Structure formats: structure tokens, C-alpha cells
Amino acid sequence: MNLSDTSSPGIAEDAGAQEGGPVDRGQQRRRRARRALLIVVGIVVVLVAGLAGVAAYLQARIDASIERIDDPFAPLTNRPDRVASGAGPVNILVLGSDSRISAGEPSQWAAGAQRTDTMMVVQISGDREHAYVMSIPRDSWVEIPGHGQNKINAAYSFGGPSLMIQTVENLTGIRIDHFAIADFESFAALTDELGGVEITMPNGLDNTGVALPPGTHTLDGEQALAYARQRHGVPGGDLGRVQRQQNWMRSILQAVYRADRLADPVGLTRLLQTVGQTVAVDEGFTMGKMRNLAVSMRDIRPNDLVFMTAPNLGTGRSPDGAQSIVLLDEGRFGALCNALAADSVANYLEVNPGAVVTLGDDVA
């Protein structure tokens, strides 16, 4: 594919099909499924697949709205090795904050002032046939370089993006290629742009003035925020909140697919602009790299996107008894991280069924 071509690949294919004759419905569904997956991964890691097909001047507008973080990798030494074979996986550390952290400016950081609410390692496999999202609970008790043991979300407070990356690399042995942080408000705005997202809540919702009975509801941005932010009464506590956040992202994908937004250039542009307005990425994650990565992922299907939670032993107390923490399962967590570092997650999950909690349909 010629990356200098500013027309949309998916839109051009559909238009050509209309001019040249009828299109097989299965082929149309496959195209929509492919583009839907790419856009949801873009929502998570700013790898918006539509960038490959949006006109150049619109790309420039979207690019200008994305905040850039001064190279957070520059201070890092003794980093994990890259996978040598093939193209190698692409690993992105994605942080999610609530609006109290960044006041709408996700790239801003002040020592001691902020802790991140959500941490995800997103991997696009080297063969570009799978994508994995591993959530690390924010209360995971880990070693933070230069600061001893603490909850993992304290790393951002102590040292910003660089220390956060170093902490995750030391913990997992996975080399991080790019860094992104998004304010939860961006997901709320995206939810409203899509006309709401459909989420099933077996226990209903009662948080920050939003009360809904058990069942399936179409949530607007404010309601979805209440769903993802609820801290009390959530089965599994912080671990349950992790799955709710993943469920919200999955619901965004489903809404994009149902609305067929990816075949609508105007609607697609609005989606990308909405994402760009409250997202910050490392300065090395250029528009060209995003576009090239998105194009390389063109064969990934929705079922190839897997949400996982870092294997853990549940909650416990910090050594001084003062804090509630999440205890990572060193054996299972280490094995999953080794698979991610070696770009062999698909094989690991197949050989070790049940070793990792993946997102199902019964999110509480």
C-alpha cells in the first residue's frame, strides 16, 4: 500500500465495489470488522487506523491536537532486549487517568501530585495477527526504582513517565516502545460521540448520582464514567474495576461497528479528533509511525484482540499493614510476561488455558 495516498483504503474499496458491481456481503462484513478492530486499538493506544485513510490536511489537524511528551525513554538504561526475529512486537504502555490528575492536560506532570488510575501494556504481535491488552491493577505491590516497594501507580507520582516506564520494564521484562496517557474524559466524549455504548450490568449501577437497575443499558459518557469509576460495591474491588474499564473499551468497539462509523469519513474524522484532544504520547510516536503500524495491522480481526488482567493472588495488606494492595502471582504473572517479551502469547494462552483471566461476557 502506498502510504502517500491520502484516500481511505476501506472507503475506496467500497466505492469501487459500488461502481463495479455487487459486493459479497461476507467480504463487506470482513472489511468492517477489520476496520472496527483497528479503530478500537487506536482508541486505546492512539493507533487510529483511520489515519491511513484520512486526507492529509485532516491528519495534520488531528496530529496538532495530540500532546507530545518530551522523550521519556532518554534517561533509561539497562533496558530489556528487543525481540530479534521478524518485525518484532510493538509494546505500548498506556496510562489512564481521571480528570483530577491532569485537569484536561494529560501530558502535564508534577512530582508528588498524581497517580494513574489505569495501566495497560498493549502489544501488537510481531506477525501483526494478534493484539493483547494486559491490565496491571493500580494497587499492585511492586519495586519502584529508587523508592522501594509501593503501589505501582505511585511510580508516576514519584517520577513521571520515565519512572513509570522503568518500573514496568523492570517488573515485566518487556521492552516498552511507546507511551500514551489519556484522560477518562476522552472516553466519555467518545462515548457521547457514538450516541452511547451498550453495557450489561448484572448488579445495576449506583454511583455519583447515577442509578440504574440490573440489565442492559445504553450508557452516555457521564453514566459510563460512573460505571468505570465506581469503587465501592464492585465485586472483586479494584480487580473488578479493571474489568469494567476493559468492558467499556470493548463496548466502544461494538458501538463503532454497529454504527458503521468506519465507512463514514465525516463520522470517522470526528472520532479521531475527539480522541486526539485529550491524549498525550511520547514525541517519538509520530503520525507516520501510527499510520504505518495501523496499516501493518490490516489483517487483524476482532477475535484477535484479547483483554487480560495481570495474574494475581487477590488483595492483601502492605508490610506495615497500612495499605490495601494487590498481590501479583509471581509464577503466573512471570510466565505471561515472559510470553509477551518473547512475542509468544498466542501459544502460551493455548498451552495454559485458565492461567490468565481474560475478559468474558459476565463483567460485574
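Scroll up to find the structure.
Residues numbered from 1 in each chain as written. Predicted model: local features only at pLDDT ≥ 70, side-chain atom pairs only at ≥ 80, totals over all residues. Heavy atoms only, no water.

Caption draft 1: Focus on the sheet that holds strand E4 (residues 131-135). Strand order in the open sheet formed by eight strands is E1-E12-E7-E2-E3-E4-E13-E16, and the pairing between neighbours is mixed. Edge positions in the sheet fall to strand E1 (67-69) and strand E16 (357-358), since each of these pairs with one other strand and no more. Running at roughly 140 degrees to strand E2 (residues 90-97), helix H5 (residues 154-172) makes contact with E1, E2, strand E3 (118-124), E4 and strand E7 (178-183) of the sheet. Contacts between helix H11 (residues 330-341) and the sheet are confined to E3, E4 and strand E13 (305-309), with E4 contributing the most and set at about 145 degrees to the helix. (Pairing = 2+ DSSP bridges. Helix = DSSP H or I, 4+ residues; strand = E, 2+ residues; numbered from the N terminus. Contact = heavy atoms within 4.5 Å. Axes fitted to C-alpha atoms, helices over the stretch in contact; angles between N-to-C directions.)

Caption draft 2: Quick look at the packing of aromatic side chains. Tallied over the entire structure, the rule returns one aromatic pair. An angle of 55 degrees between the planes, with centres 5.9 Å apart, marks the rings of Phe-187 and Trp-248 as tilted. Of this pair, Phe-187 sits in helix H6 (residues 184-193) while Trp-248 sits in helix H8 (residues 238-259); the two residues are 61 residues apart in sequence, bridging distant segments of the chain. (Phe/Tyr/Trp six-rings, centres within 6.5 Å; stacked < 30°, edge-to-face > 60°.)

Caption draft 3: Summary view of the nonpolar core. Judged by nonpolar contacts, the single largest core of 47 residues is most densely connected at Ile-124, Trp-248 and Ile-252. Filtering out sequence-adjacent residues up to four positions away, Trp-248 remains in contact with Phe-184, Phe-187, Ala-188, Thr-191, Val-197, Ile-199, Ala-224, Leu-225 and Ala-228. By size, the runner-up hydrophobic cluster in this structure holds 38 residues, among which are Val-142, Phe-179, Cys-337 and Leu-340. (Core = buried A, V, L, I, M, F, W, Y, C linked by side-chain atoms within 4.5 Å. Buried < 20%, exposed > 50% of the residue type's maximum accessible area, 1.4 Å probe, protein only.)

Caption draft 4: Layout of H5. Over its 19 residues, H5 runs only 17 Å from end to end, short of the ideal 27 Å by more than 12%, given 1.5 Å per residue. Its maximal kink placed at Gly-160, H5 deviates by approximately 135 degrees, while the proline Pro-161 follows within four residues. In terms of residue burial, H5 counts as a mostly covered element, since 14 of its 19 residues are buried. (Expected span 1.5 Å × (residues − 1). Bend = angle between axes of the 7 residues up to and from the residue.)

Caption draft 5: Geometry of the pairing of strand E5 (residues 141-144). Relative to strand E6 (residues 148-151), E5 is paired through four bridges, and the arrangement is antiparallel. Paired with Trp-141 across the two strands is Lys-151, which belongs to E6. Counted between consecutive antiparallel strands, the loop separating E5 from E6 contains three residues, among which Gly-146 sits at a positive phi close to 85 degrees.

Caption draft 6: Structural view of the pattern of salt bridges. Taken as a whole and judged by the stated rule, the model has five salt bridges. Between Asp-139 and Lys-151 there is a salt bridge, with the nearest N and O atoms lying 3.6 Å from each other. Of this pair, Asp-139 sits in the loop between E4 and E5 while Lys-151 is found in strand E6, placing the two residues 12 residues apart along the sequence. Classification of Asp-139 as buried rests on a relative accessible area of 12%. (Salt bridge = Lys/Arg side-chain N within 4 Å of Asp/Glu carboxyl O.)

Caption draft 7: Geometry of the environment of Gly-284. Relative to the helices and strands, Gly-284 is located in the loop between strand E12 (279-282) and helix H10 (287-296). Judged by relative accessible area, which is 26%, Gly-284 ranks as partly exposed. Sequence spacing of Gly-284 and Phe-179 is 105 residues, and the spatial spacing of their C-alpha atoms is 9.2 Å. In this structure, Gly-284 is in contact with His-178 and Lys-289, ignoring residues within four places of it in sequence.

All we've got here are geometric facts, nothing functional implied.
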